[in-house]
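# Structure assessment
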Amino acid sequence: MNSKLTRRRFIKGVIFSGAAATTGAGVYLANAQNGAGTAERLINLNINGRTRPVDVMPSETLAYTLRYKLDLTGTKIGCNRGECGACTVLVDGVANYACSVLTHNVKDKAVVSIEGIKSVDGTLHAVQQAFIDENSPQCGFCTPGQVMSAVALLNSNPRPTREEVRAGLSGNLCRCGAYEHYINGVLRASRQIA
Amino acid sequence: MPSHDVMPNMELYQPVQVEDALAIADRLAERGWLVGGGQDTYGWLKDRAKSADALIDLSAIESLRGVRETADGIEIGALTTLSEVATSDLIRSSYSLLADAAGVVASPQIRNIGTLGGNVSQDVRCWYYRRGLSCYRAGGNLCYADTPQGMNREHALFDQSRCVAAGASDTAPALVALDASMVVQNLNGERVIAARDFFVGPANDIENTTVLRPGDILTSVRIPSAWANAEFYWEKVADRNVWDFSLVNVAAAFKTIDGQIEDSRIVVGAVQTTPRRLTEVENAIRGSRRTADTAEAVKELSTTGARTLAHNGFKVPLMQNLVKRAISS
């Protein structure tokens, strides 16, 4: 955390969060106001099927909340600029970069991170198992993001062509260059779930 | 210069109605920063290269989303995501030029949240400017890019005026080619601006890339049926197929009768701050066929007036070849 972000500034920040504002003109209709139209500092987040109350700064990114507030550190922060894909999560089923989404943007949505895709009994998702079987990852840092993009792709297109897989995972960098192995993994998962 | 990763502390407004957003934007004026998908915004803020007191997040305003048919074409809400634009049946069926352009912006994840309004309103690409240096565009009195040592391979060929940065939008040239218009609201009402007049170059306004001013919100984009189902050509050339900004792109539309070009729009992006419409080329090819000979004949005309910088000379033949392909493909 930024060392300049003192506790005082932190508290000042959260009381403005939630986005309702009162002025002489009245109360703005906002999507997270409480009964009085004043700010909501504590919001409920639906993460991996569980609704959890979280204290969220107004301009906090989802990646920050997941890693540093909820201890869901499977979501990696690579570039923190939407240029690498390591932080990819699903927001209402759509792949997004968690580093480039405000947490306050997802408070009415269902977020799924890498921790949330295995079965309740612990069975790995078909994509995870296929990545193991194909030796897809090398160093593994980009893998959570690759898995999430693959899950999003297979949810919308269960039988993709190799080119469609390439396009579907094109927003995820792998600096080891293991792209072909990831594509093999997605195609293997596709055969198993279809 | 320090580098940051966390967002700065800011207020956040999340109105769900346009009227409230307009009131907040008007009240905050320069202290507020409108956010659609935020994909251009967060980098500026994390880098501390620009700042504002408050974010005005428009993403919860449902009335600004979606594609509708109108009496004369279609209207696209400014908050419609680029993925939605790229896959919309209404757009694909008759205005595929725009869908093709939207479909190659940045990366899939960015298209999933980045909006059409944000894509046309994004700031120019220049690393000196984006690093927070006090250049002309940032209110200073020099340009770091247009120097013998400057890194200007991606910069402009035309209409430089102190600033030599190029516009980055892929959808902007397509909208100009389709004769689109932009619907802009503020507390005083609504104005409809032709896309070609929406974008402004540094000679007219060096600190802005569009006519939008504090208090204004781009609410929708209208595309008239005039160019529906025309013959379209879109191509983007970048160093990488994903994420990267165009080095040059071309958006073109042709109406032909018995194989002869009756009317056309040829618009090139990333060669100046604004989309560059090649009106002289359009006039020169009227009545001709879409052949290699026709294209070759306007090759030189297409880049007349280009002023190359130290490292962007390759953009001249690149632009000529893209224009030729657009005409003859």
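Residues numbered from 1 in each chain as written. Chains lettered and ligands numbered in written order. Predicted model: local features only at pLDDT ≥ 70, side-chain atom pairs only at ≥ 80, totals over all residues.

### Some words on the overall build of chain B
Scanning chain B from terminus to terminus reveals 14 helices and 12 strands. The C-alpha radius of gyration computed for chain B amounts to 20 Å, which stays within 12% of the reference 20 Å derived for 329 residues, consistent with globular compactness. Projected onto the principal axes, the alpha-carbon positions of chain B cover approximately 60 × 55 × 35 Å. A total of 329 residues make up chain B; the buried ones form 55% of that total. Of all intrachain contacts in chain B linking residues separated by at least 6 positions in sequence, the fraction that spans at least 24 positions is 65%. (Helix = DSSP H or I, 4+ residues; strand = E, 2+ residues; numbered from the N terminus. Rg over C-alpha atoms; globule rule 2.2 N^0.38 Å. Buried ≥ 20, exposed ≤ 12 C-beta atoms within 10 Å, placed from the backbone. Contact = placed C-beta atoms within 7 Å.)

### Topic: the environment of Leu212(B)
Residue and element names in this part refer to chain B. Tracing the sequence through the fold places Leu 212 in the loop between α10 (195-198) and β8 (217-223). Each C-alpha atom, one on Leu 212 and one on Gln 185, is 9.6 Å from the other, the two residues being 27 residues apart in sequence. Leu 212 has contacts with Ser 121, Val 184 and Leu 218, leaving out every residue within four places of it along the chain.

### Focus: the packing of helix α3 (residues 126-133) of chain A against helix α6 (residues 179-193) of chain A
All names here are of chain A. In the contact formed by α3 and α6, the axes pass within 8 Å of each other and the chain directions differ by 130°. Considered as vectors, α3 and α6 are oriented oblique to each other. As for how α3 packs across α6, the hand of that crossing is right-handed. Contacts between α3 and α6 involve Ala 126, Val 127, Ala 130, Phe 131 and Asp 133 from the first element and Gly 185, Val 186, Arg 188, Ala 189, Gln 192 and Ile 193 from the second. In terms of residue class, the contact of α3 with α6 is made up of 7 nonpolar, 2 polar and 2 charged. (Axes fitted to C-alpha atoms, helices over the stretch in contact; angles between N-to-C directions. Parallel < 35°, antiparallel > 145°, perpendicular 65-115°, else oblique. Left-handed = near helix turned anticlockwise from the far one by under 90°. Nonpolar A, V, L, I, M, F, W, Y, C, P; charged D, E, K, R; others polar.)

### Looking at the sheet that holds strand β6 (residues 181-186) of chain B
Residue and element names in this part refer to chain B. Spatial strand order, β4-β5-β8-β6-β7: 5 strands in an open sheet with antiparallel pairing. Each of the sheet's edge strands pairs with one partner strand only, and the pair in question is β4 (67-70) and β7 (189-194). Neighbour-to-neighbour, the strand axes of the sheet open up by a mean angle of 25°, direction not taken into account. Relative to strand β5 (residues 73-77), β4 runs antiparallel, the two being bridged by 4 bridges. Across the sheet, Arg 68 pairs through a bridge with Glu 75, a residue of β5. (Pairing = 2+ DSSP bridges.)

### Observations concerning helix α4 (residues 143-156) of chain A
The α-helix winds at 3.6 residues per turn, so residues separated by three or four positions along the chain end up facing the same way. Residue and element names in this part refer to chain A. Taking 1.5 Å as the rise per residue, α4 with 14 residues should run 20 Å; its terminal C-alpha atoms sit 20 Å apart, in good agreement. Most of α4 is tucked away: 12 of the 14 residues are buried. Where α4 is buried, its residues meet β5 (88-91), β6 (94-97), α3, α5 (162-168) and α6. (Expected span 1.5 Å × (residues − 1).)

### Observations regarding the domain arrangement of chain A
All names here are of chain A. For chain A, the assigned domains read domain 1 (41-116) and domain 2 (126-193). Every contact between the two is made by 15 residues of domain 1 and, on the other side, 13 residues of domain 2. Broken down by secondary-structure element, the contributors of at least two residues to the side of domain 1 that touches domain 2 are β5 and β6. For the side of domain 1 that touches domain 2, the element with the most residues is β5, which contributes 3 residues. Of the residues contributing to the side of domain 1 that touches domain 2, the split by class is 8 nonpolar, 6 polar and 1 charged. (Domains from an automatic or database assignment.)

### Focus: the sheet that holds strand β2 (residues 32-35) of chain B
All names here are of chain B. The sheet built from 3 strands is open, its strands ordered β1-β3-β2 with parallel pairing. Every other strand in the sheet has two partners, leaving β1 (11-13) and β2 as the edge strands with one partner each. Between one strand axis and the next, the sheet turns through 25° on average, direction left out of account. Here β1 pairs with strand β3 (residues 54-57) via 3 bridges, running parallel. By the bridge assignment for β3, Tyr 13 is matched with Ile 56. Helix α1 (residues 18-28) rests against β1, β2 and β3 of the sheet, and its axis sits at about 160° to β3.

### Quick word on the nonpolar core
Within the largest apolar cluster, 149 residues are counted, with the highest numbers of intra-cluster contacts made by Ile56(B), Leu97(B), Leu98(B) and Leu178(B). The leading source of residues in this core is α4(A), at 7 residues. Summarising the domain contributions, this core has at least three residues from each of domain 1 (41-116) and domain 2 (126-193) of chain A. Setting aside its immediate chain neighbours within four residues, Ile56(B) contacts Tyr13(B), Ala21(B), Ile24(B), Ala25(B), Leu28(B), Gly32(B), Trp33(B), Leu34(B) and Val35(B). (Core = buried A, V, L, I, M, F, W, Y, C linked by C-beta atoms within 7 Å.)

### A closer look at unusual backbone geometry
All names here are of chain B. Even without being a glycine, Arg 162 presents a positive backbone phi close to 65°. Tracing the backbone through its elements, the reader meets Arg 162 in the loop between α8 (127-130) and α9 (171-177). With a phi angle near 70°, Ala 270 is a residue other than glycine that sits in the positive phi range. Checked against the element boundaries, Ala 270 lands in the loop between β11 (260-269) and β12 (276-277).

### Describing the pairing of β11(B)
Residues and elements named next belong to chain B. Taken across its 10 residues, β11 has 7 buried, putting it largely inside the fold. The pairing of strand β10 (residues 248-257) with β11 spans 9 bridges and is antiparallel. Counted as the bridge partner of Phe 254 is Ser 264 from β11. Hairpin geometry of β11 and β12 is characterised by an intervening segment of 6 residues between the two adjacent antiparallel strands and by a positive phi of about 70° at Ala 270.

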